[in-house]
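In case you want the letters, here they are:
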Amino acid sequence: MEEPDAARLPSRLARLLSALFYGTCSFLIVLVNKALLTTYGFPSPIVLGIGQMATTIMILYVSKMNKIIHFPDLDKKIPGKLFPLPLLYVGNHISGLSSTSKLSLPMFTVLRKFTIPLTLLLEAIILGKQFSLSIILSVLAIVLGAFIAAGSDLAFNLEGYVFVFLNDIFTAANGVYTKQKMDPKELGKYGVLFYNACFMIIPTVIISVSTGDFQRATEFSHWKNILFIIQFLLSCLLGFLLMYSTVLCSYYNSALTTAVVGAIKNVSVAYIGMLVGGDYIFSLLNFIGLNICMAGGLRYSFLTLNSQLKPKQPVDEESMPLDLKS
């Protein structure tokens, strides 16, 4: 009889497809959000975020009702178990969309890389981790390149810079605290995603209505434009798919593989963003800074993967996400 702890390793195809799925979703949502918020001029990143939260709630709830996935029912202990993740979740969501609307894609991608040094700093302080000299030098290259690019950004937007740095802080804090909350014996991956969206969607709607943001969104002139509506709905769906694909990629591969895929995606977004969107203004110094930052980011990802990658652990079929067992 097979040992209880024995389980199959995930197939190479599952690992490859999950990585491709994550990279594709991550790439597409940046381009779609940029089109909605800049090309069409949609006035409300908050309403777009509400649409993505509502889609996440609906898909996860229907999946739970049909026994496709499992997470605990609501009880009075769940808010305490989650805190402060819901606040970090909504802060990350709204600041990310707001900065996307106000910055060119190359500058957005570069400034988002400040998440890496912030995460390392938080992990060193909170988790007591230590990092090699090579990794530290790669992070310094990211910071240097970002400063060079920002110092020569001819399309400088102070509000966009503030939002993207807030997004970096929320993302770094969210990543560190999520590691403490995603215990399969507690809420699990899907419980965290579902209750984060549930707890924050009503306060976000209240903020949107009270500030007049919701009214500006409802009065937007392109609601009769079929292409705009399709892209809005696609953004809502991609908001959920991005979170789900991140779970799959980390589960079948590792969090490090997910980071490498994300770094490669960021390079593609940055260079494509120079050609589309219409809001990138070229300067030689800015371009040099972008390339230094991108090289540092890729170097950091592959160094981390090379230094920490361990042999694959057997997959626990009882906790596999969705029904992807063969």
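Residues numbered from 1 in each chain as written. Predicted model: local features only at pLDDT ≥ 70, side-chain atom pairs only at ≥ 80, totals over all residues. Heavy atoms only, no water.

If you check an unreviewed UniProt entry, the protein chain appears there as UDP-N-acetylglucosamine/UDP-glucose/GDP-mannose transporter isoform X1 from Mesocricetus auratus.

## Focus on the packing of helix α1 (residues 12-39) against helix α2 (residues 45-65)
We count it as follows: Axes, fitted as lines to C-alpha atoms, cover a helix only where it is in contact. Angles between the N-to-C directions of the axes lie from 0 to 180 degrees. Every helix listed is a DSSP run of H or I at least four residues long, and every strand listed is a run of E at least two residues long, numbered separately from the N terminus. When an angle is under 35 degrees it counts as roughly parallel; over 145 it counts as roughly antiparallel; between 65 and 115 it counts as roughly perpendicular; any other value is oblique. Working rule for handedness: look at the near helix, and if it is turned counterclockwise from the far one by less than a right angle, call the crossing left-handed; if clockwise, right-handed. Whether two residues are in contact is decided by their heavy atoms, any of which lying within 4.5 Å being enough. Basically, the charged four are Asp, Glu, Lys and Arg, the nonpolar ten are Ala, Val, Leu, Ile, Met, Phe, Trp, Tyr, Cys and Pro, and anything else, Gly included, counts as polar.
Where α1 meets α2, the axes come as close as 11 Å, and the angle between the chain directions of the two elements is 140°. When the interaxial angle is binned, α1 and α2 end up oblique. When the axes of α1 and α2 are compared, the crossing they make is right-handed. Between α1 and α2, the contacting residues are Ile29, Asn33, Leu36 and Leu37 on the first element and Pro45, Leu48 and Gln52 on the second. Of the residues in the contact of α1 with α2, the class split is 5 nonpolar, 2 polar and no charged.

## Overview of helix α9 (residues 188-210)
Defined as follows: One less than the number of residues in a helix, times 1.5 Å, gives the span that helix is expected to have. A residue's bend is simply the angle between two axes: one fitted to the seven residues ending at it, one to the seven starting at it.
The end-to-end C-alpha distance of α9, which contains 23 residues, comes to 34 Å, matching closely the 33 Å that a straight helix rising 1.5 Å per residue would cover. Along its length, α9 reaches its greatest deviation from straightness, about 35°, at Ile201, and the proline Pro203 lies no more than four positions downstream.

## Focus: the packing of aromatic side chains
Selection rule: The criterion for an aromatic pair is that two Phe, Tyr or Trp rings (for Trp, the six-membered ring) have centres within 6.5 Å, with stacked assigned to planes under 30 degrees apart, edge-to-face to planes over 60 apart and tilted to the rest. Under the scheme applied here, a residue whose accessible area is under 20% of the maximum for its type counts as buried, over 50% as exposed, and between as partly exposed, the area being computed with a 1.4 Å probe on protein chains only. Here, a charge over a ring is recorded when the distance from Lys NZ or Arg CZ to the ring centre is within 6 Å and its angle to the ring normal is within 35 degrees.
Counted according to the given criterion, the structure contains 14 aromatic pairs. Taking 5.2 Å as the distance between ring centres and 80° as the angle between the ring planes, the aromatic pair formed by Trp223 and Phe228 counts as edge-to-face. Overall, the relative accessible area of 0% leaves Phe228 in the buried class. Measuring from ring centre to ring centre gives 6.2 Å for Phe228 and Phe232, while their planes differ by 40°; the resulting arrangement is tilted. Within this pair, Phe228 and its partner Phe232 are both found in helix α11 (residues 226-252), separated by 4 residues, close to a single helical turn. Note on Phe232: relative accessible area 9%, which makes it buried. Pairwise contacts between aromatic rings join Tyr40, Phe42, Phe220, Trp223, Phe228 and Phe232 into one cluster. Between the NZ or CZ atom of Lys64 and the centre of the ring of Phe71, over which it lies, the distance is 4.8 Å.

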